Amino acid sequence: MVKRTIKFVKKKKTNTYSQINHNIKNRKVARDVFITPEPLAKMLIDTHINKPEYIWFDPFRNSGHFYNNFPFQNKKDWCEILDNKDFFKYDKPVDIISSNPPYSLIDKVMAHSFKIARHEVGYLIGINNLTTKRIEVANKAGFYIKYIQMFKVYKFFGFSIYVIFSKDIDKNIIDYNRTIWR
Ligand SMILES: C[S@@+](CC[C@H](N)C(=O)[O-])C[C@H]1O[C@@H](n2cnc3c(N)ncnc32)[C@H](O)[C@@H]1O
């Protein structure tokens, strides 16, 4: 009888797309710094309804890809914790919020955004981050979903969406139900 020896060959580590996704899933500490490609930020800004008197606000500026591309004729402001400007300490009223928030703080971010925004709150988030509970929280704060665009950003986990909650409408563009069906 011939004895068979099984050799385990260690796979070479490759930085493939699926490897990147896998690493994100197993991350122990939220890093929360994900830079939005500038052409995407520009496209998302254009999905808002603007008026000359509106104040635009980017609570999480980092690269400035949102902030720098807000309509040039409007007033605008920003926060970024890395520059010691904490969004949660910002309490001036603004009209349009548009950004890519830290995903580990979404509930807190939404609650504070709905307190200071007078018209629209637009956030780039993972598609799984839009939960029925969060839609309900928005509705209770007087904001309703008026727009959703879905897309893929290389290196962001799964698919992303840009969702706009508006205070100027009284119905979501999608229906939802909070029952957990079994
Ligand atoms: C997902 S990144 C997005 C950066 C930028 N908006 C973009 O799209 O390129 C989130 C940013 O929020 C910042 N951040 C986290 N907590 C914050 C806070 N409490 N106030 C202000 N900025 C904060 C992080 O430093 C990070 O730069």
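A brief report on the enclosed structure follows. (Residues numbered from 1 in each chain as written. Predicted model: local features only at pLDDT ≥ 70, side-chain atom pairs only at ≥ 80, totals over all residues. Heavy atoms only, no water.)

1. A few points about the nonpolar core
Thinking step 1. The biggest cluster of nonpolar side chains holds 24 residues, and the ones touching the most others in it are Phe57, Phe87, Ile97, Val121, Tyr123 and Phe165.
Thinking step 2. The biggest single contributor to this core is helix H3 (residues 106-116), with 5 residues.
Thinking step 3. Those residues in contact with Phe87 that sit more than four places away from it in its chain are Phe57, Pro59, Phe60, Cys79, Val109, His112, Ser113, Ile116 and Tyr123.
Thinking step 4. Core analysis: the second largest hydrophobic core is formed by 18 residues, Phe34, Tyr54, Tyr67 and Phe156 among them. (Core = buried A, V, L, I, M, F, W, Y, C linked by side-chain atoms within 4.5 Å. Buried < 20%, exposed > 50% of the residue type's maximum accessible area, 1.4 Å probe, protein only. Helix = DSSP H or I, 4+ residues; strand = E, 2+ residues; numbered from the N terminus. Contact = heavy atoms within 4.5 Å.)

2. Remarks on the sheet that holds strand E6 (residues 160-166)
Thinking step 1. The strand order across the open sheet formed by 6 strands is E2-E1-E3-E4-E6-E5, and the pairing between neighbours is mixed. Whereas interior strands pair on both sides, the edge strands pair on one side only; in this sheet they are strand E2 (75-78) and strand E5 (144-151). Here the average twist between neighbouring strands, direction ignored, is 20°.
Thinking step 2. Of the pairings in the sheet, the one linking E5 to E6 comprises 7 bridges and is antiparallel in character. By the bridge assignment for E6, Gln149 is matched with Tyr162.
Thinking step 3. The strands touched by helix H2 (residues 38-45) within the sheet are strand E1 (55-58), strand E3 (94-99), strand E4 (117-126), E5 and E6, with E5 carrying the most contacts at an inclination of about 150°. (Pairing = 2+ DSSP bridges. Axes fitted to C-alpha atoms, helices over the stretch in contact; angles between N-to-C directions.)

3. Side note on the site of the ligand
Thinking step 1. Neighbouring the ligand are 22 residues; Thr36, Phe60, Asn62, Glu80 and Asp86 lie closest to it.
Thinking step 2. Within the backbone of Phe60, a nitrogen or oxygen atom sits 2.4 Å from a nitrogen atom of the ligand.
Thinking step 3. Within the side chain of Asn62, one N or O atom sits 2.7 Å away from an oxygen atom of the ligand.
Thinking step 4. Across the complex, the protein chains shield 95% of the 600 Å² of accessible surface that the ligand would expose by itself.
Thinking step 5. Split into classes, the residues belonging to the shell around the ligand amount to 12 nonpolar, 5 polar and 5 charged. (Near = heavy atom within 4 Å. Polar contact = N/O pair within 3.5 Å; in protein donor to acceptor, adjacent residues only side chain to side chain. Areas by Shrake-Rupley, 256 points an atom, 1.4 Å probe, with all protein chains shown as cover. Nonpolar A, V, L, I, M, F, W, Y, C, P; charged D, E, K, R; others polar.)

4. Examining empty space enclosed by the protein
Thinking step 1. Inspection of every chain in the model, using the stated rule, returns 1 cavity of 30 Å³ or more.
Thinking step 2. The volume enclosed by the largest cavity comes to roughly 30 Å³.
Thinking step 3. Lining the largest cavity, in full, are Pro101, Ile106, Met110, Tyr123, Ile125, Val163 and Phe165.
Thinking step 4. Sorting the residues of the lining of the largest cavity by element identifies H3, E4 and E6 as the ones contributing at least two each.
Thinking step 5. In terms of residue class, the lining of the largest cavity is built from 7 nonpolar, no polar and no charged. (1 Å grid on protein atoms, 1.4 Å probe; cavity = no way out; pocket = protein on both sides within 12 Å on 5 of 7 lines; lining within 4 Å. Points joined across faces, edges and corners; volume = space filled by probe spheres on them.)

5. Re the packing of aromatic side chains
Thinking step 1. In this structure the tally under the stated criterion is 11 aromatic pairs.
Thinking step 2. For the ring pair Phe57 and Tyr90, a centre distance of 4.2 Å and an interplane angle of 20° mean the geometry is stacked. Taken together, the positions of Phe57 in strand E1 and Tyr90 in the loop between E2 and E3 put the pair 33 residues apart, joining distant regions of the chain.
Thinking step 3. The buried category is assigned to Tyr90, whose relative accessible area is 9%.
Thinking step 4. Among the aromatic residues, those joined into a ring-pair cluster are Phe57, Phe60, Phe87, Phe88, Tyr90 and Tyr123.
Thinking step 5. One residue, Arg61, lies across the ring of Trp78, its end atom 3.5 Å from the ring centre.
Thinking step 6. Here the guanidinium or amino end of Lys85 rests over the ring plane of Trp78, the centre of that ring lying 4.1 Å away. (Phe/Tyr/Trp six-rings, centres within 6.5 Å; stacked < 30°, edge-to-face > 60°. Lys NZ or Arg CZ within 6 Å of the ring centre and 35° of its normal.)

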